[in-house]
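Architecture and fold: a report
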Amino acid sequence: QVQLVESGGGLVQTGGSLRLSCAASRRISGLNAMGWYRQAPGKEREWVAHIYTNGIIKYANAVKGRFTISRDNSPKNTVYLQMNNCQNEDTAVYYCHAKSPWGDFWGQGTQVTVFT
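Rules used throughout
- Residues numbered from 1 in each chain as written.
- Predicted model: local features only at pLDDT ≥ 70, side-chain atom pairs only at ≥ 80, totals over all residues.
- Heavy atoms only, no water.
- Salt bridge = Lys/Arg side-chain N within 4 Å of Asp/Glu carboxyl O.
- Buried < 20%, exposed > 50% of the residue type's maximum accessible area, 1.4 Å probe, protein only.
- Core = buried A, V, L, I, M, F, W, Y, C linked by side-chain atoms within 4.5 Å.
- Helix = DSSP H or I, 4+ residues; strand = E, 2+ residues; numbered from the N terminus.
- Disulfide = S-S within 2.5 Å.

In the structure shown here, the tally under the stated rule is four salt bridges. Here Glu46 and Arg38 are joined by a salt bridge, their closest N and O atoms 2.6 Å apart. Here Glu46 falls in the partly exposed class, since its relative accessible area comes to 36%. In this structure, the salt-bridge partner of Lys99 is Asp104, at a minimum N-O distance of 3.7 Å. We classify Asp104 as partly exposed; its relative accessible area is 39%. What you see here is one network of salt bridges that share partners, running through Arg38, Glu46, Arg66 and Asp90.

This part takes up the nonpolar core. Ranked by internal contacts, the top residues of the largest apolar core, which has 31 residues, are Leu4, Trp36, Leu81 and Tyr94. Mapped by element, the contributors of at least two residues to this core are strand E3 (18-24), strand E4 (33-39), strand E5 (46-52), strand E7 (67-72), strand E8 (78-83), strand E9 (92-100) and strand E11 (110-115).

Note: most peptide bonds trans; most residues except glycine with negative phi. Even without a glycine there, the phi angle at Asn85 is positive, about 50 degrees. Here Asn85 shows up in the loop between E8 and E9.

This brings us to the state of the cysteines. Within this structure, the stated rule accounts for one disulfide. Two residues, Cys22 and Cys96, share a disulfide whose sulfurs are 2.0 Å apart. As the torsion about the S-S bond is roughly -85 degrees, the Cys22-Cys96 disulfide counts as left-handed. In this pair, Cys22 is assigned in strand E3 and Cys96 in strand E9, connecting sequence segments 74 residues apart. As far as burial versus exposure is concerned, Cys22 and Cys96 are alike and both buried. The structure places no disulfide on Cys86, whose sulfur is separated from the nearest cysteine sulfur, that of Cys96, by 18 Å.

Printed below as a string of structure tokens:
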């Protein structure tokens, strides 16, 4: 079973930056994409960004131009989310996600809190 472990969450002031990381416990065979979702208090989980193994990158409109997703596949599958110009509405638990032919994998989540 693959485990995804997130790190890098915490407190950030409005306009500030934060970098999230997510590492898989082992290489994921046939990996299609890795990315991030988030869930704010009282709201449903929403998609943030994905990076596909073919290099295609997609962002939600809410974060486009402010967040950057990147990856490193050696030695393990790792995905990063560089969050710039953070806003109050970015406050949420951020979940790492990996999609493979064998199913989807999720991390436990890391809290990001943006304060004024």
